[in-house]
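Fold and contact review
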Amino acid sequence: MSKPYTLSPEQIARLKSHSRREKLHRTISYFSPLLLLLLWEICSQTGLIDRRFFPAPSSIAGTAWQMTASLEIFDHIWATLRRVAVGYVLGAVPGILLGLILGLSAPIRRVLGPIFSALYPVPKIAILPLILLIFGVGDASKYVVIAIGVFFLMFYNTLGGVMQIPQIYLDVARNAGGSRFQTFRYIALPSAMPNIFTGLKLAAGSSYIIIAAAEFLGARSGVGFMIWASWQTFAVSRMFVGIVVISAMGYFTILLLEALERKFVPWAKH
Amino acid sequence: MIVHSDEISRDVSVPAEAAPAIEVRDLVKAFYDVSGDRITLAAANVNFTVKRGEFVCIVGPSGCGKTTVLRILAGLEQPFSGEFRLHTSAQPAMVFQEASVLPWLTVAQNVAFPLKLKGVAAKEQRARVAELLELTGLTDFADARPHQLSGGMKQRVSVARALVDDRDILLMDEPFGALDEQTRLVLQQELLRIWERTGKTVVFITHSVDEALTLADRVLVMSPRPGTIVADLPVPFERPRDVVEMRRDKRFWDLTYEVWRLLAVSPEH
């Protein structure tokens, strides 16, 4: 009779030691960005780097606190957020719909596809003066420039998603007696969902790039305006607050989209 | 051309004089490849008849056009010439070759898919889906997502989905081709059990001689491309069949030899 094979306590410890080390590394990794801030603080305080260009993080935090207490920062955040949100929706909805339509219909794709291919490479910032000329310096021009940027990202990502639908899924709908609209709604849209979310995340990132540039040039409010105005008055701490705020806005937008993705695309691997 | 007729008989025994469910006459399918300027003849002069309630397997080498014939019957492709008649009130249901289970739906939603497209009431859908999940042994997996399922489970879902709206004709395109031998045998046995209970007309495509003899009332042997039917062999085993016990029967191996001989001497083109 053979005894069942068992591991000795030493062997078990050896097996576990690896994962313990991994856990330690992960714990340190949370704090490594703070290390950079600490280094910056020390260098700035000791004068190793020019304090005029790189004020210490503690002094930037102080400025941020003042701006928060006076509620000034919230006006800028709200102005930027509103422009991004409106422009984003205005661009994303037609982008997704046209991506689905051109993806499913080869004739429409052949006829209209080249128009989008020709317009896509135009840098969105380059046409900002033109858009300001047409839509004025108010919010309408911001909506439009963001919508254009978002539109192309959504259009191409959705189109790519639809073109990748396995033929067999379309056959399933057809064999089940599905209409054209049902195929569109129940096969094309869900199949393209993972790509649509990739597009939404990319578009969110580029929306903040575009809005920052647009607010530099033609706005009296917004985080981009705040960065630019601070630079012109050499209020470097305020400028850094603006940079941190707009980065955080982008970061939280992506987090929100990822949460939505987990909810609406539970079948995709994350 | 498709002829619909409403009289539906359910005879598991399939008497010799049973009415035809599928008639295929001189069917030809050709493809034109623009980039290579080449014409491919996929199927040439295919002729066969399937009686109501009969289980027919089509065997042939890969690329012989057997899938094309099935897709034409399913209404997914148009024939180039020739004609076929389906004596049925609804388009045939298809069980596809590879995993055709929709990954964004749960098992129950996948099975319900044809009912949903037809606008069947939710309550009725639930009752019918529960019935099919029970029949295919998927009840415990109703809320699972396809990526959590094994290949065999996925094909069970495909079979359940094809049966859910109760169409008379079932077309199966190598549904068990990608499965391991053991799983395949289990699913073959279950398919036979389901077929015996529902009395559907089944056309089953396979490249496995073994599988064809296990399942079919009749085996149609196809030649390599351009495919045509070169033999029509009745399979004499009594029903209900036991897929394991069948393998002790000498006739099984005699027929296996016969079909292999036909496949081996099929003229090359």
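Residues numbered from 1 in each chain as written. Chains lettered and ligands numbered in written order. Predicted model: local features only at pLDDT ≥ 70, side-chain atom pairs only at ≥ 80, totals over all residues. Heavy atoms only, no water.

**Description of the packing of aromatic side chains**
All names here are of chain A. Our working rule: Only rings of Phe, Tyr and Trp enter the pairing, Trp through its six-membered ring, and a pair is recorded when the two centres are within 6.5 Å. The plane angle decides the type: under 30 degrees is stacked, over 60 is edge-to-face, the rest tilted. We count a stretch as a helix when DSSP gives it H or I for four or more residues in a row; a strand needs E for two or more, and each element gets its number in order from the N terminus. Summary of the burial criterion: residues with accessible area below 20% of their type's maximum are buried, those above 50% are exposed, and those between are partly exposed, where the area comes from a 1.4 Å probe applied to protein chains only. Whether a charge sits over a ring depends on NZ of Lys or CZ of Arg being within 6 Å of the ring centre and within 35 degrees of the ring normal.
For the coordinates displayed, the defined rule picks out 19 aromatic pairs over all chains. Centre to centre, the rings of Trp40 and Phe240 are 5.6 Å apart; their planes meet at 65°, and the pair counts as edge-to-face. Separated by 200 residues along the polypeptide, Trp40 in helix α1 (residues 9-45) and Phe240 in helix α10 (residues 236-264) bring together distant segments of the chain. Phe240 gets classed as buried once you look at its relative accessible area, which sits at 13%. Both rings, one in Tyr120 and one in Phe152, keep their centres 5.7 Å apart while their planes meet at 40°; by these two values the pair is tilted. In this pair, Tyr120 sits in the loop between α4 (106-119) and α5 (128-135) while Phe152 sits in helix α6 (residues 139-163), placing the two residues 32 residues apart along the sequence. Exposure remark for Phe152: the relative accessible area of 7% places this residue in the buried category. Its guanidinium or amino end placed over the ring of Phe53, Arg52 lies 5.5 Å from that ring's centre, counting from NZ or CZ. Residue placement shows Lys263 over the ring face of Phe264; its charged tip is 5.5 Å from the ring centre.

**As for the sheet that holds strand β2 (residues 38-51) of chain B**
Strand pairing in a sheet relies on backbone hydrogen bonds, with the paired strands running either antiparallel or parallel. Residues and elements named next belong to chain B. To be explicit about the condition: At least two bridges found by DSSP between two strands is the condition for calling them paired. In this analysis an axis means a line fitted to C-alpha atoms, helices contributing only their contacting stretch, and an angle means the value between N-to-C directions, from 0 to 180 degrees. Whether two residues are in contact is decided by their heavy atoms, any of which lying within 4.5 Å being enough.
Overall, antiparallel pairing links the 3 strands, which are arranged β2-β1-β4 in an open sheet. Bordering the open sheet on either side are β2 and β4 (81-86), each of which pairs with just one other strand. The mean angle between the axes of side-by-side strands here comes to 20°, regardless of whether they run parallel or antiparallel. Where helix α1 (residues 66-73) meets the sheet, its contacts fall on β1 (20-33), β2 and β4, and the angle it forms with β1 comes to roughly 115°.

**Considerations on the UniProt feature "transmembrane region" (unreviewed entry) in chain A**
Test applied: UniProt positions are given in the numbering used here, feature names are shortened, and annotations may be inferred rather than shown by experiment.
Taken from the UniProt record, the annotation "transmembrane region" (unreviewed entry) applies to residues 85-106, 118-137, 143-163, 208-228 and 240-260 of chain A. End-to-end, the C-alpha atoms of residues 143-163 of chain A are 29 Å apart, and along that stretch the chain is 100% helix and 0% strand.

**Quick word on unusual backbone geometry**
Glycine aside, a negative phi is what most residues show, and trans is what most peptide bonds show. Looking along the chain, the bond that leaves Arg225 of chain B and enters Pro226 of chain B is cis, with omega of -5°. Mapped onto the elements, Pro226 of chain B comes out in the loop between β8 (218-222) and β9 (229-234). In this structure, the amide linkage connecting Arg239 of chain B to the following residue, Pro240 of chain B, adopts the cis form with an omega of -5°. Its place among the elements puts Pro240 of chain B in the loop between β9 and α7 (250-265). Look at Phe234 of chain A: it is not a glycine, yet its phi comes out positive at around 60°. With respect to the element layout, Phe234 of chain A can be found in the loop between α9 (223-232) and α10. Residue class for Phe234 of chain A comes out partly exposed when judged on its relative accessible area of 47%. The phi torsion at Asp166 of chain B lies on the positive side, around 50°, for a residue other than glycine. Relative to the elements of secondary structure, Asp166 of chain B occurs in the loop between α4 (151-164) and β6 (169-173). The class of Asp166 of chain B is partly exposed, set by a relative accessible area of 42%.

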